[in-house]
Each structure stands twice: as structure tokens, then as C-alpha cells.
Amino acid sequence: MRAARDIALKLFRDPSAALGLLIIVGLVAVAVLAPLIATHPEAVWDMNPRHRLLPPSETYLFGTDRMGADIFSRILFGARITLTIAIVAVGAALMIGVPIGLISGWCRNWLGEALMRVSDIFLAVPQIVLAIAISQTLGPSIENVILALSVTYWPWFTRLVHAEVRTLRHETFIEAAIALGVPTWRIVALHVLPNVLSPIIVRTSIGMGFTILTASALGFLGLGAPPPAPEWGRMISEAREFLPEAWWSALAPGLAIFLVVMGFNLLGDGLRDVLDPRIRRGNPGR
Amino acid sequence: MRIAALILVRIAWLAPTLAGLVAIVFVISRVIPSDPVALLAGETASRAQIELLRQKLGLDRPLPRQLLDYYGQLARGDLGTSLFTTRAVWDDLSARLPATIELTVAAMILAVALGIPLGVVAALYRNRAADHALRVASVAGLALASFWLALMLQLLFAMDLRWLPLQARITGFPPPPITGFYVIDAVLEGNFERLGNVSAHLILPAVTLAVPALATVVRFTRAGVLETLQRPFVAYQRAMGIPAGLIVWKYVLRNSLVSTVTQIGLLFGILLAGAVVIETVFQWPGIGAYAFEAILHSDYAAVMGFTVYAGVVFGIVNLIVDILHAILDPRGAAA
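The rules behind these values
- Numbers given to residues run from 1 along each chain, matching the order in which its sequence is written.
- Following the order in which they are written, the chains are lettered starting with A and the ligands numbered starting with 1.
- Only residues with pLDDT of at least 70 are given local features in this predicted model, and only at 80 or more are side-chain atom pairs given and counted; all residues enter the totals for whole chains, interfaces and linings.
- Elements are defined by DSSP. Helices are runs of H or I of four residues or more, strands are runs of E of two residues or more, and each kind is numbered from the N terminus.
- Backbone-placed C-beta atoms define the burial measure: a residue is buried with 20 or more other C-beta atoms within 10 Å of its own, exposed with 12 or fewer, and partly exposed in between.
- It is the C-beta atoms, placed from the backbone, that decide contacts: two residues are in contact if theirs lie within 7 Å.
- Axis definition: a line fit to C-alpha positions, over the contact stretch in the case of helices; interaxial angles, taken between N-to-C directions, run 0 to 180 degrees.
- Here the word oblique covers every angle except those under 35 degrees (roughly parallel), over 145 (roughly antiparallel) and from 65 to 115 (roughly perpendicular).
- With the far helix as reference, a near helix turned anticlockwise by less than a right angle produces a left-handed crossing, and one turned clockwise produces a right-handed crossing.
- Residues are sorted three ways: Asp, Glu, Lys and Arg are charged, Ala, Val, Leu, Ile, Met, Phe, Trp, Tyr, Cys and Pro are nonpolar, and all the rest, Gly among them, are polar.
- Along the chain, pLDDT gives the predictor's confidence residue by residue, from 0 to 100.
- Any set of buried Ala, Val, Leu, Ile, Met, Phe, Trp, Tyr and Cys residues joined through C-beta atoms within 7 Å is what this text calls a nonpolar core.

**Observations concerning the overall build of chain A**
Part 1: Scanning chain A from N- to C-terminus turns up 10 helices and zero strands.
Part 2: Reading chain A from its N terminus to its C terminus gives the helix and strand order α-α-α-α-α-α-α-α-α-α.
Part 3: Out of the 286 residues belonging to chain A, those deemed buried represent 48%.

The following block contains the structure:
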């Protein structure tokens, strides 16, 4: 518990990490409270042709889109989609990637080697290429975007955990545990895993930001949630044909994506400094 | 010797990795809900005609058999025929490759030429205003959705200010290709009017593509320089009275670049991934936009071709990076 408090204190002392945390707390609050905060919750899905493409005003903070829906309210509801995709996809990638990384790092035999080769296959092309192929094949829906992103992101966790476990195996306390006859599962679960937790946490934060970017790109390309859904990437692509006149309809959703990804990146950076003093702000985590 | 062994092992692994990638994409692309053959045959085709075409294309055979056929085809260097353009995928890709290389190289040059000096400056002014500003800017650069940045740049520079063209590679008809790189072709022909034309088209997509790569280069250079500055030889050179500028820009930078070289593979991944989206926004006729169109048309031969192609290029780049790294820093070769 004390360790957790120390980490929290250090995080708050770092202004950019604190800002990142603030942004993320704000995102969660917005997602949960969307129906309460939204100025026009009824106009998120409904068509309202008389009010279409109105510029930002006191009534419509960020203006209205081609359907006459309030962009501000749509962005608030879109936060729910963004957050769901990021949490479920990164969560699934963790569930797949971490155990495989532990096994492949620990087993220095054909199994460990084979698992690494499988993860190499997924890393042989940029993530978005594979994600586009998968979500196009399965059809546009939030579930399929989540599936495509988790299937393509887990190898990053596997590689990270694998490398950490490989180094840990040679530590004296692990060798001592082996010599004492502690069961392997116990060593891995109680001695190895806690020691690789820090890099996993850092990678998770940065991975959330990266996943949100990729998900919005899929939405922009028309592979995300189907039309009425207020998905930020799709909102930008729908705004495209009304440029340059209705510039506001493309501006606001992009700023929302930027703000949220920035939040996760800043937090990830701060966590890296606090949790892992060995690495200092080098790897951006792509 | 160790380096040679490392290279051989890596080359040997390249083929099975690619075979695995092909198998994955192959399985994925055959679960397609829409029937590409029916799409290709057209709406007026009868069921018998569709079946005939399916047999002709070999799509009626069992999946493992099709996969084996495809491996055989790849081994002969044949990427198949695009169902949509009805041309060989290899020809399609090679015709569009120069566009992508031109764009990617321009972005890479921007990222490296700006990123390395900025990274050094950030390291030298550590924890001062310049460093903080660069840190915020580089985190921001990695947080921008590339398609949105592309639209905003188009909005400002092409639609509003009208300084730069909105999209495409050139205004007017494409010139007869010499190398296929429009900028180089224009220089070779001494056609400066066209050089201006194609350069103007290159600016917006290249800048958009360069942003995340630039942010990455700044961060790595900063980290590398900070690490090198701690090393004893820097203290020694300072004590010797060697000018600070010479120490930093020659000796420190050279030592820090070892870690930066390792990141070229990463940069390349960022650029290739970015190209798919950015080429689509700017209607840049490269392989990224081709891949996206192929996916939309369920053109699996083209999708497979692009994936294999990207896998090969990516694999070779990473291999070269590993070799360079092993040569620059032999300590890591054992790992």
C-alpha cells in the first residue's frame, strides 16, 4: 500500500503526468455522465434537418453536423465508444500477451521459441494493415474493431514480458527459489510477474493511446462503428465533404482524439519515470 | 563471425515468418462475407458463369490446397492477379511503388533533418524551457490522428490560403516515367516548372507523414545524447578544453546515433502504417492507397500481395538495422 501511495505522490509532483491523469479522469467522467452533461442528448442520434451544419454558438457549443445533431453532445457520447474500445481491446491484448510472454520467456525450449515466432508473425507488418484486413473481413462494428485491435496488439506485450523474464531468470532470488524447489507456477506468479508489472503498466497506458488512434483511423476509413454511432473517427470522415465551409464539424472530434491520446501518453511517460528509473523517456512505444 | 551467424539466422527466419503471415491473412481474407467472384462477374452473370469463373480462378478448391498453391506461386515470384484492376498484382504494386517511396523518403528526410538537431537541443537544455517545449511538442506529435492532421492542413493551406494543392501527385497529366519519382524525373529533364508542381504536391502529405516520425526521432536523440553526456570521455574532453560545440555535435552525437540507428526500423513501421491512411486522404497513388482500395473491394489477391510485399520490405529493413547495430555495437550481437 505504501508503495502505491509513493507512486501516486510522485506522479502528482510531475506536472505533465498529473495533467495526463486529469485528462483521463475527465474522459471517464464524461463517458459515464454523458447523458447528464450533454446539452442536446436527444439530438445525438436523431435527424434534425432544419438545424444542419450550424456554426458553433451558445446553443450548439461545437456547432451541428450534416444531420443537424449537436456535435458537442455527440463527442460526449463518443467518449463511451472510445473508452470501451480502448479498455476491452487493450485488456484482451494483456490477457493474451502477458501469459504468452511469461511462458515464452521462462521456457527456454522449443515452446518458448515457437511462441516468439508466432508473435513475430503478427509484428511482420504494421498493426493497422492487419487490423484493416481483419475488420474489413468481419464487417464494420465496434465488436469487430475491438477484435481486430486486440488480435494485432498482444504481441507487443508478449515481446516486452518475454525480454523482462529472460533477464529476471538469471537473478539470484529466482535461482534461489528454483534451488529451494518452489513450484514453477509459484515462482512465475509470485516472483516473476510482480517484477515485470512496471513495464506492463507503462506499456498499457501508452497502448491505450495508440489503440485509440488506430481505432479512430479504422472509423475514419469506414471500418468502425456503423453510421449513426458518434464514433470520433467516423465523425471526421463524415465532415470531410462539407469542408471548408463547415470546418467545425471536423475540428472538434479531432481535438477530442488528440486530447485523450495526449492524456494517455503523458501518463505513460510519467509512469515510466516513476516506476522504471532505468529507462528515461526514450521509447514512445510504437 | 558472430555477426555473420546472426545474419544467417535472421535471414533463415524471414521465410517462415512470412509464410505464417501469409497463412494468417489468407485465412482472414477467405472468411470474407461477400463473394468476390460474384462481384467480379457482375450483376448480370448467371450462377453457372460464376461457378465457371470460380473454377478458373481456383477458388473452388479446399482452403489448404489454395494456400499451398499460393505458396508455390509466391516461390515463383508471382503475386497473383488483382480481381479489381485485372492486372498482375506485382505490376500494380511496382507501378505505384515510386509514389510511396518518394513520399516516405521525403517524410524520413524531414523527420531526421529536423529531429536530430532538435533532440540534441532538448538534451543540452535539459529541464529548461526549450526542453519542456520540445517534450510537449513531441508528445503532442505522437497524439495527433494523422488523417485529422491531414484534413486540417488541407483546410488551412489548400482550401483557405490556397498556397498548396489539395491532393494528388501532380496537376495535369502524369509525365512519361523515367524513374517514376516525379521530383527526380523533373530534375533529370530540367523541367523546373514541373519540379515546382510536383514538389508543391509533395509538401502536405510528407509533412503529415513526418510528424509522428519526427516526434520519435526527437525523443530518441534526446535520450541518446543525455546518456552519452554522462560518459567519462565527455568529462575528459571537457577537461582537455575541446570546444563544447565540437564535443556535442561531433563526438557525443556520433556515439548517440548508435541507438538512433536501431530505431530506423521503428520509424519505417510508423511511416508505412501512416502511408495507408495518408495516401487515402491525399489520393496519393501509392501502395498504401492501393492496399486500402483492395481491402474495400474484397480484392484478396491484391490484399495478399500488399501484405507479403510489406512483410518482405519490413523484414529486410529490420534485418539491415540489426546488422548495422551489430556492426556499430558488437556487444549486443550475442543477444
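From this point, things continue past the structure.
**Things to note about the overall build of chain B**
Part 1: When helices and strands are tallied, chain B shows 14 helices and zero strands.
Part 2: When the helices and strands of chain B are placed in sequence order, the string is α-α-α-α-α-α-α-α-α-α-α-α-α-α.
Part 3: Along the first, second and third principal axes, the C-alpha atoms of chain B reach 85 × 55 × 40 Å.
Part 4: The buried share of chain B, reckoned over its 335 residues, is 39%.
Part 5: Residue pairs in contact within chain B that sit at least 24 positions apart in sequence constitute 74% of those at least 6 positions apart.

**Regarding the packing of helix 4 (residues 110–122) of chain A against helix 6 (residues 142–168) of chain A**
All names here are of chain A.
Part 1: For the pair helix 4 and helix 6, interaxial distance at closest approach is 9 Å and the crossing angle is 135 degrees. One element, helix 4, and the other, helix 6, form an angle in the oblique class. Helix 4 and helix 6 meet at a crossing whose hand is left-handed. Contact residues: helix 4 offers Met116, Ser119 and Phe122, while helix 6 offers Thr152, Pro155, Thr158, Arg159 and His162.
Part 2: Among the residues forming the contact of helix 4 with helix 6, the class breakdown is three nonpolar, four polar and one charged.

**Some thoughts on the interface of chain A and chain B**
Part 1: Contact with chain A, which involves 40 residues of that partner, is made by 46 residues of chain B.
Part 2: For the side of chain A that touches chain B, the secondary structure elements donating two or more residues are helix 4, helix 5 (127–138), helix 8 (184–220) and helix 10 (248–275) of chain A.
Part 3: If one sorts the elements of the side of chain A that touches chain B by residue count, helix 10 of chain A sits on top with nine residues.
Part 4: Taken together, the residues of the side of chain A that touches chain B break down into 24 nonpolar, nine polar and seven charged.

**Comments concerning the confidence of the model for chain B**
The predicted coordinates should not be examined in detail at positions where pLDDT is low.
All names here are of chain B.
Part 1: The predicted model of chain B averages 83 in pLDDT, with 93% of residues at 70 or higher.
Part 2: Between the elements of chain B, mean pLDDT differs from a low of 65, seen in helix 2 (residues 36–41), to a high of 91, seen in helix 7 (residues 146–160).
Part 3: Here the prediction assigns the complex a pTM of 0.86, and the interface score ipTM is 0.87.

**Observations concerning the packing of helix 6 of chain A against helix 8 of chain A**
The relative placement of two packed helices comes down to the angle between their axes together with the axis-to-axis distance.
Residue and element names in this part refer to chain A.
Part 1: The interhelical angle for the contact between helix 6 and helix 8, taken along N-to-C directions, is 155 degrees, at an axis separation of 10 Å. If you check the angle between helix 6 and helix 8, you find them roughly antiparallel. Crossing angle aside, the handedness with which helix 6 passes helix 8 is right-handed. Residues Val145, Leu149, Tyr153, Trp156, Phe157, Leu160, Val161, Glu164, Val165 and Leu168 of helix 6 touch helix 8, and the partners they reach there are Val192, Asn195, Val196, Pro199, Ile200, Arg203, Gly207, Thr211, Thr214, Ala215 and Leu218.
Part 2: For the contact of helix 6 with helix 8, a count of residues per class yields 15 nonpolar, four polar and two charged.

**Focus: the nonpolar core**
Part 1: Val129 and Ile132 of chain A together with Phe147, Ala213, Leu271, Ala291 and Val303 of chain B are the most contacted members of the largest nonpolar core, which has 163 residues in total.
Part 2: Contact partners of Phe147 of chain B, with chain neighbours within four places excluded, come to Ala217, Phe220 and Ile236 of chain A together with Val277 and Val281 of chain B.

**Notes on the environment of Ile11 of chain B**
Residues and elements named next belong to chain B.
Part 1: Among the structural elements, Ile11 can be located in helix 1 (residues 2–30).
Part 2: For Ile11, a count of 12 C-beta atoms within 10 Å gives the class exposed.
Part 3: Distance in space between the C-alpha atoms of Ile11 and Arg96 is 27 Å, their sequence separation being 85 residues.

**A look at the environment of Asp69 of chain B**
Part 1: Relative to the helices and strands, Asp69 of chain B resides in helix 4 (residues 63–75).
Part 2: As a C-alpha pair, Asp69 of chain B and Gly58 of chain B span 11 residues in sequence and 9.2 Å in three-dimensional space.

**Concerning helix 7 (residues 172–179) of chain A**
Part 1: The buried count for helix 7 of chain A comes to zero of eight residues, which makes it a mostly uncovered element.
Part 2: Following helix 7 of chain A by one or two positions, Gly181 of chain A has its phi on the positive side, about 85 degrees.

**Remarks on unusual backbone geometry**
All names here are of chain B.
Part 1: Even without a glycine there, the phi angle at Arg162 is positive, about 60 degrees.
Part 2: Its place among the elements puts Arg162 in the loop between helix 7 and helix 8 (182–189).
Part 3: The backbone of Ala168 shows a phi angle near 70 degrees, a positive value even though the residue is not glycine.
Part 4: Tracing the sequence through the fold places Ala168 in the loop between helix 7 and helix 8.

**Remarks on the confidence of the model for chain A**
Part 1: Of all residues in chain A, 94% have pLDDT values of 70 or greater, and the mean over the chain is 85.
Part 2: Taken as a whole, residues 280–286 of chain A scores under 50 in pLDDT and shows 22 contacts with residues more than four places along the chain or in a different chain.

**Quick word on the environment of Thr64 of chain A**
Residue and element names in this part refer to chain A.
Part 1: Here Thr64 shows up in the loop between helix 2 (15–37) and helix 3 (71–106).
Part 2: The exposure class assigned to Thr64 is buried, which follows from the 27 C-beta atoms found within 10 Å.
Part 3: Among residues more than four places away in sequence, those in contact with Thr64 are His51, Arg52, Leu53, Leu54, Ala69, Asp70 and Ile71.

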